Every structure is written in structure tokens, then in C-alpha cells.
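# Coordinates in review
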Amino acid sequence: MPARKLETPASAPLSLRNGDAILLVGTMKGLFLLGSRPNRRRWSMAGPFFPGSSVYGAAFDARAGRKRIWASPSSMHWGAELAWTDDFGKTWERPETPLVRFPEASGAALKNIWQIMPGRASEPDTLYCGVEPSALFESHDAGATWRLNQGLWGHPHREKWQPGGGGLCLHTILVDPSRSGRITVAISTAGVYRSDDGGKTWQARNRGVRAEYFPDPNPEFGQCVHKVVQHRAKPGRLFLQNHWGLYRSDDGGDSWKDIANGVPSDFGFCMGIHPQDPDTAYIVPLHSDMFRCTPDGKLRVYRTQNAGASWKPLTRGLPQKDALETVIRDAMAVDAFDPAGIFFGTRSGKLYGSRDEGRSWQLLHEGLPPIVCVKAATAENVRVHARAARPRRRATKARRAA
Amino acid sequence: MAVCFLIPGPLLAFSGGRAAVSLDGSPQTVAEALDALGAVHPGLRERILTERGDVRPHVNVFVAETNIRDVAGLATRVPDGSEIAILPAVSGG
């Protein structure tokens, strides 16, 4: 007699207040939402949402009074799509016709959505997403409709871009908060491209970034850039984790300087930047491209506080023995609190967090599916229910009467 | 009744919860039958086919007991009264 099939896991929504910390954790088997009071000591978790689907992209959009979480579940069977919730996971909207679709004339079909990025605060209805194969989509009506960015899709370099291990993915989107036309993207393996005219035209911005797997290690494009981060208050400051190589730019990507000073390996994927200090960045070095695990079995986050002149390991609370871990390109996030919180997830399903800028770490969760993205946000626009507060006031009165 | 689609569990959200969707009309091929299905339940067609109109790589479409990949693909003929089963392939990780 065949065994009874188990029900698909059902998930309760996350309960949050304004100012709470939020983590969006995308895994190979669904999305998890975590919430905490601003002290970030104890986390509650909801999920998995979209059980069975990988979720490489997630974002919280609090512009224009929203409290919208976007996610990009991708089913091996049924394809990738954009979905959203306005009630922290109680209900999800999944349009019958997926929002992100390649136009027929492109001849392409969507494989995965790697990145979801809200636009500038001054453009609250603009969003971007980066997809595989190597394209940027944009929406200017709060996500109701999306269109392929033709400037990048039509770039003459595109036919020579090659897929990396994760596919030909556009995984990083940086919207310059101070220059309205400037958008920077990164593609594996094509490198960094920047537009200064709102996405109409794009130029490769890889000068100084090595591509050691080519006969000419300094090509105009073709670098396998794994992650780029940008400082919001000083947008010309970028850090870049390459497929071999750590770099910094002080001119918005026009040029890159090698800053692999004192790291056990300059191979890695993820990267984070401090919300206030543009000289502080975080990485998790991996042994090599042939052995993509933390060196020496030690899980170490490395931090620079001098723009890459030197890096120091942060290990307090992280396993320093038998820890052959992998942290991939979008699995690290830095929140906007002071002191800043740093969070990362591993391929082995462990979620770590620091609420003191990396001085000490806590294992927030283990046993999750392989973690492929971690995003940090602050809850806003949460409606406070007057009804929910009443029993507490009554209880207080009752105690006084007693 | 011309054809009846059998819908797998993960797609019931896009068929109004119906595990079997019967369509009137006279589709001659699987492609025509899927177009008719898409007119009623667009979310189903979108998840069976890519935007290029190809059957997704990890989806199998059977007309009766024949996998259309083994015959003429989307051009496979659909006899009147056929059952067309949509089945997720045995793949995953």
C-alpha cells in the first residue's frame, strides 16, 4: 500500500512592528522570513514560502507607504516568477501570467530571477530585476508591468558573454542614489557594466579587474564578477569580489584597485559594506575556485576598516574547526541599524548573524535548505492595531483595582 | 468533450482547484489544445510552456500513455476524447 503523501508545509505570517529588523532568507527550497525587535537578539521565523522552489531574489520595499516583500521563486518544473506579499507572508500574489517574460523577438526564455532591487527613493514606483540569461528588467509602475532593458540586451558584447557556474546571470544591480541616470550591474561572466543615461546605453567598467582564465588577463569585458557593493552616502565607493581578486573603486567603477591585502584567499562570492563607514567592508574568503570552501576548515568573516589596505578575521562565535562552508554571492547582508548587523547564510543551511558589526557572531538557525540569498531590512508602514492593544490596558487596570 | 487535461497538484492554484479540465472544441494538436487551455486558464499554459512556446525541460506532456517528446512534440495529434496529462518530470535536488 503506498504511503500517504505529506501535506505541503503551511506557513504563518511574520508578526512585526515598525522599526523591527527583518531578514529575507532565500534557499534552494523556499523563502524564510525572520523578524526581531531592533536589538536583534531573538528572531522569529516564518516559512518556508514557495516550498520546493529556489528563491534567489528577495527585497523589501517600504517606499510610498508600502510594506511589500518581493520574492522570485523558481521551480525546476514550472519556471521562475515574481511574487509579492503586503502582509508579511499571510497572502502572496502570484499573477497567472508571470510578470517577467522575455519578449518574443528576443528569442530568449527566462531561466531564473537573481536579483530584485527597488529604485531610488525619489522614484518610488521604479523597480529592477536581474535575470538569467543576462538581462535587466525594469518596472515604472510599482511592479505591475515589467519590460526588458533593450540597451543592455542589445549590447554588442552580449553575444560573447559566457555563463559561469551559476549560469549567465545578472546578479547585482546598484542604483546610484545621487545621480539619477546612473545604474551599475554585474554579470557572471561579463563583468561590470554601467549606464549614466538611465539604462539607454551601457559601458563595460572592468579596468583593473583581472580575468585569470583568459590568455589576456585584462580584457575589456568577460570578468567573472561575483558581487559588487556600493556605499549609499558615497556612491563612488565600490568594493568588488571577483572570481579571484578583491577590488575597490573610488570613481564609480571607472577604475579598480587590487585590495587583496592579508586575506587567506582572494577567491569568494559574497560581500557587504558598512551602512555608515564607506571604508568598512566584509567578505568570506573561500579556498579556491576548485575547492569552494572556507580555508583550513575555519569559518571566518574578514573585515577591512581602511578601504582594503588590510583585512582582519572575525571569528568570535564562528566555528574554527571542521567548518568547510560555502557562502555564495547574495548570501550576505548588512542592515541599517547602529551598530550595524551583519548576516550570512551557508550552503549547508546555517544562518549566522552579528549585531555588533562583526565583533561576535551567533548561529541564528541551522538545518535550513542551502541558503542562496540573505537580505536585511527595517520594518516600516506596519499598521498598529488599536484592538490588539486593548487587552493589555484592561489587564493593567485590573491589576490596579486588585 | 474534445480533450481533458489532467492537472498536477502544484498547478491547481492556476486551474481553480480542478484536477481535470475538459475543453470543448476540436484541437488537432497538443499545441492547439494548450492554446485552448491557456484561453481558459492562462496561468497553466505559462507554467507548462516557456515564453518561447517550448515545453519546459522538466515537464512531461502525455497524450494517453504517449510522451509527446517521443513522437511529434507539440505537433502530436490529439484524437477526440483524449486525456492529456501534465506531469512533472522525475527531477529535482
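Whatever comes next refers back to the structure up there.
All values reported here derive from a predicted model rather than from experimental measurement.

### Structural notes on the overall build of chain B
Secondary structure summary: chain B contains 2 helices and 5 strands in total. In chain B, the order of α-helices and β-strands from amino to carboxyl end is β-β-α-α-β-β-β. For 93 residues, the compact-globule estimate of 2.2 N^0.38 gives 12 Å, and the C-alpha radius of gyration of chain B, at 12 Å, lies within 12% of that figure. Dimensions of chain B, computed from C-alpha atoms along their principal axes, come out at roughly 40 × 30 × 25 Å. When each of the 93 residues of chain B is scored for burial, the buried share is 29%. Restricting the contact set of chain B to residue pairs at least 6 apart, pairs at least 24 apart contribute 52%.

### Comments concerning the overall build of chain A
When you go through chain A residue by residue, the secondary structure sums to 2 helices and 28 strands. In terms of overall size, chain A behaves like a compact globule, its C-alpha atoms giving a radius of gyration of 21 Å where 402 residues would be expected to give roughly 21 Å. Taking the principal axes of its C-alpha atoms as reference, chain A extends roughly 80 × 60 × 50 Å. Counting only residues that meet the buried cut, chain A has 49% of its 402 residues in that class. Within chain A, contacts between residues at least 6 apart in sequence are counted, and of these 50% link residues at least 24 apart.

### Re the sheet that holds strand β23 (residues 312-314) of chain A
All names here are of chain A. Across the sheet, 4 strands lie side by side as β20-β21-β22-β23; this open sheet has antiparallel pairing. Looking at the sheet topology across the chains shown, the edges are occupied by β20 (267-273) and β23. Across the sheet, the axes of successive neighbouring strands diverge by a mean angle of 35 degrees, strand direction being ignored. When strand β21 (residues 281-286) meets strand β22 (residues 301-304), the two strands line up antiparallel, connected through 3 bridges. Looking at β22, one finds that Ile 283 is bridged to Tyr 302.

### Considering the pairing of strand β3 (residues 43-49) of chain A
The two faces of the sheet receive side chains in turn, since in a regular strand these alternate between them. All names here are of chain A. With 5 bridges joining them, strand β2 (residues 30-36) and β3 adopt antiparallel strand pairing. Among the inter-strand pairings, Ser 36 is bridged to a residue of β3, identified as Trp 43. Counting the residues that bridge the hairpin from β2 to β3 gives 6 residues, and of these Arg 40 lies at a positive phi of roughly 60 degrees.

### Considerations on unusual backbone geometry
Residues and elements named next belong to chain A. The omega angle of the peptide bond from Gly 47 to Pro 48 is 5 degrees, so this bond is cis rather than trans. By the element assignment, Pro 48 lies in strand β3. With a phi angle near 55 degrees, Phe 88 is a residue other than glycine that sits in the positive phi range. For Phe 88, the position within the fold is in the loop between β7 (83-85) and β8 (112-118). Phe 88 gets classed as buried once you count the C-beta atoms within 10 Å, which come to 21. In the Ramachandran plot, Glu 357 falls in the positive-phi region, its phi being about 65 degrees despite a non-glycine side chain.

### Focus on the interface of chain A and chain B
Taken together, the 12 residues of chain A in the interface contact 16 residues of chain B. The residue makeup of the side of chain A that touches chain B, split by class, is 6 nonpolar, 4 polar and 2 charged.

### What to know about the sheet that holds strand β1 (residues 3-6) of chain B
Residue and element names in this part refer to chain B. If you trace the 5 strands from one edge of the open sheet to the other, you get β2-β1-β5-β3-β4, paired in mixed fashion. Edge positions in the sheet fall to β2 (20-23) and β4 (66-67), since each of these pairs with one other strand and no more. Helix α1 (residues 30-40) contacts β1, β2, β3 (59-63) and β5 (82-88) of the sheet and is inclined by roughly 105 degrees relative to β2.

### Side note on α1(B)
Residues and elements named next belong to chain B. Those residues of α1 that fall on the buried side of the exposure criterion are Val 30, Ala 33, Leu 34 and Leu 37. Buried residues of α1, viewed axially, fall in a sector of 100 degrees; they line one side. On its buried side, α1 packs onto β1, β2, α2 (42-48), β3 and β5.

### Looking at the nonpolar core
Core analysis: the largest hydrophobic core is formed by 106 residues, its most contacted members being A:Ala58, A:Cys129, A:Cys270, A:Ala331, A:Met332 and A:Val374. Per element, the largest residue contribution to this core is 6 residues, and it comes from strand β28 (residues 371-378) of chain A. The contact partners of A:Val374, leaving out residues within four places of it in the chain, are A:Leu23, A:Val25, A:Ala331, A:Met332, A:Ala333, A:Phe343, A:Phe344 and A:Gly345. Core analysis: the second largest hydrophobic core is formed by 19 residues, B:Leu11, B:Val30, B:Ile68 and B:Val78 among them.

### A word on the pairing of strand β5 (residues 68-75) of chain A
Residues and elements named next belong to chain A. A large share of β5 lies buried, amounting to 7 of its 8 residues. Alignment of strand β4 (residues 54-61) against β5, held across 6 bridges, turns out to be antiparallel. Paired with Ala 58 across the two strands is Ala 71, which belongs to β5. Here β4 hands over to β5 after 6 residues, with Ala 64 in that stretch at a positive phi of 55 degrees. Both β5 and β7 contribute to a ladder of 3 bridges, which runs antiparallel. Directly across from Ala 71, in β7, lies its bridge partner Ala 83. Bridge analysis of β5 against strand β6 (residues 79-80) gives 2 bridges, and the strand direction is antiparallel. Bridge pairing links Ser 75 to Gly 79 in β6. Two successive antiparallel strands, β5 and β6, enclose a turn made up of 3 residues.

How each quantity is defined
Residues numbered from 1 in each chain as written. Chains lettered and ligands numbered in written order. Predicted model: local features only at pLDDT ≥ 70, side-chain atom pairs only at ≥ 80, totals over all residues. Helix = DSSP H or I, 4+ residues; strand = E, 2+ residues; numbered from the N terminus. Rg over C-alpha atoms; globule rule 2.2 N^0.38 Å. Buried ≥ 20, exposed ≤ 12 C-beta atoms within 10 Å, placed from the backbone. Contact = placed C-beta atoms within 7 Å. Pairing = 2+ DSSP bridges. Axes fitted to C-alpha atoms, helices over the stretch in contact; angles between N-to-C directions. Nonpolar A, V, L, I, M, F, W, Y, C, P; charged D, E, K, R; others polar. Arc of directions from axis to C-beta. Core = buried A, V, L, I, M, F, W, Y, C linked by C-beta atoms within 7 Å.

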